[in-house]
Amino acid sequence: GQPVFLKIDIEGGEFGLLPAIRDIVADPLVTAFVSFHSKMLRHALVAADAEAWQQPYIDRHLAVLDSLPWTRRITLQDSQKVTRTALERALRRRFRFPEELLITNA
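Residue indices follow the written sequence of each chain, beginning from 1 at its first position. Only residues with pLDDT of at least 70 get local features here, since the model is predicted, and only at 80 or more are side-chain atom pairs given and counted; chain-wide, interface and lining totals rely on the full set of residues. Where side-chain values are given, they derive from all heavy atoms of the structure, hydrogens and water being excluded.

Caption draft 1: How the structure looks around the overall build of the chain. A tally of regular secondary structure across the chain gives five helices and four strands. Reading the helices (α) and strands (β) of the chain from amino to carboxyl end gives β-α-α-β-α-α-β-α-β. Rg of the C-alpha trace for the chain: 14 Å, near the compact-globule value of 13 Å for 106 residues, within the 12% margin. Expressed as lengths along the three principal axes of its C-alpha atoms, the size of the chain is roughly 50 × 25 × 20 Å. Burial here depends on accessible area, computed with a 1.4 Å probe over protein chains only, as a share of the maximum for the residue type. Under 20% is buried, over 50% is exposed, and the range in between is partly exposed. Looking at the chain residue by residue over its 106 residues, the buried ones come to 36%. Pairs at least 24 apart in sequence give 63% of the contacts found in the chain among residues at least 6 apart. Only DSSP runs of H or I with at least four residues qualify as helices, and only runs of E with at least two residues qualify as strands; both kinds are numbered from the N terminus onward. Radius of gyration: over C-alpha atoms. The globule rule applied is 2.2 Å multiplied by the number of residues raised to the 0.38 power. We call two residues in contact whenever any of their non-hydrogen atoms come within 4.5 Å of each other.

The following block contains the structure:
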């Protein structure tokens, strides 16, 4: 019943963790600050298969987008509110994803 602040900065592990804890992050008492390490993910995928890294890269990011509580306020590090559509568009067009997101109720 108490507010919780959750900081996730686990050097690429966030891509597996966020889908697994989606119910925790959706809880209105939880404020979550997440750092994303997309470059680390990309390097690992390129090392595994330099010719076919793009689709797994997009899929891992889409899994994160699917796990975020879009009924809550999600902002970039500059406090600009973002939408799933905008993030997915940047991901698909330019393989871009924010370095940090803040999930709050405010």
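Caption draft 2: A look at the nonpolar core. Within this scheme, the nonpolar core is defined by two criteria: the residues are buried Ala, Val, Leu, Ile, Met, Phe, Trp, Tyr or Cys, and they are joined through side-chain atoms within 4.5 Å. Of all hydrophobic cores here, the largest spans 24 residues; its most connected members are L18, F36, V64, L68 and L101. Looking at this core, the elements with two or more residues in it are α1 (14-20), β2 (30-35), α3 (38-48), α4 (54-67), α5 (84-94) and β4 (100-104). Here this core gets five residues from one element, more than from any other, and that element is α4. The contact partners of F36, leaving out residues within four places of it in the chain, are E14, F15, L18, V64, F97, P98, E99, E100 and L101.

Caption draft 3: Broad picture of the layout of surface pockets. In this model, the largest pocket occupies a volume close to 590 Å³. As for the largest pocket, its lining consists of 24 residues, of which S38, R96, F97, P98 and E99 are closest to the centre. Elements with a contribution of two residues or more to the lining of the largest pocket: α3 and α5. In terms of residue count, α3 provides more of the lining of the largest pocket than any other element does, five residues in total. Any residue that is not Ala, Val, Leu, Ile, Met, Phe, Trp, Tyr, Cys, Pro, Asp, Glu, Lys or Arg is counted as polar, Gly included; the first ten are nonpolar and the last four charged. Class assignment of the residues belonging to the lining of the largest pocket gives a composition of eleven nonpolar, seven polar and six charged. Residues are called lining when one of their atoms sits within 4 Å of a cavity or pocket point, these points coming from a 1 Å grid over the protein atoms alone, where a cavity is a set in which a 1.4 Å probe fits but cannot get out and a pocket is an open set with protein on both sides within 12 Å along at least five of seven lines. Grid points are joined across faces, edges and corners, and a volume is the space filled by probe spheres set on the points.

Caption draft 4: Structural detail: unusual backbone geometry. Although it is not a glycine, E11 sits at a positive phi angle of roughly 50°. Mapping E11 onto the fold places it in the loop between β1 (4-8) and α1. Given the relative accessible area of 46%, E11 is considered partly exposed. Located in the positive-phi region is S79, a residue other than glycine, with phi close to 70°. Here S79 lies in the loop between β3 (73-75) and α5.

Caption draft 5: Quick look at the packing of aromatic side chains. Geometry of aromatic contacts follows a simple scheme: Phe, Tyr and Trp rings, the Trp one being its six-membered ring, pair when their centres are within 6.5 Å, and the pair is stacked under 30 degrees between planes, edge-to-face over 60, tilted otherwise. Evaluation of the coordinates by the stated rule reveals five aromatic pairs. When the centroid spacing of 5.0 Å and the interplanar angle of 80° are considered together, the rings of F36 and F97 count as edge-to-face. Residue F36 is found in the loop between β2 and α3, and its partner F97 is found in the loop between α5 and β4; the two are separated by 61 residues along the sequence. Ring centres of W53 and F95 lie 5.1 Å apart, and the angle between their planes is 45°; this geometry places the pair in the tilted category. Of the two residues, W53 is situated in the loop between α3 and α4 and F95 in the loop between α5 and β4; the sequence distance between them amounts to 42 residues.

The values reported here are purely geometric and, on their own, carry no functional implication.
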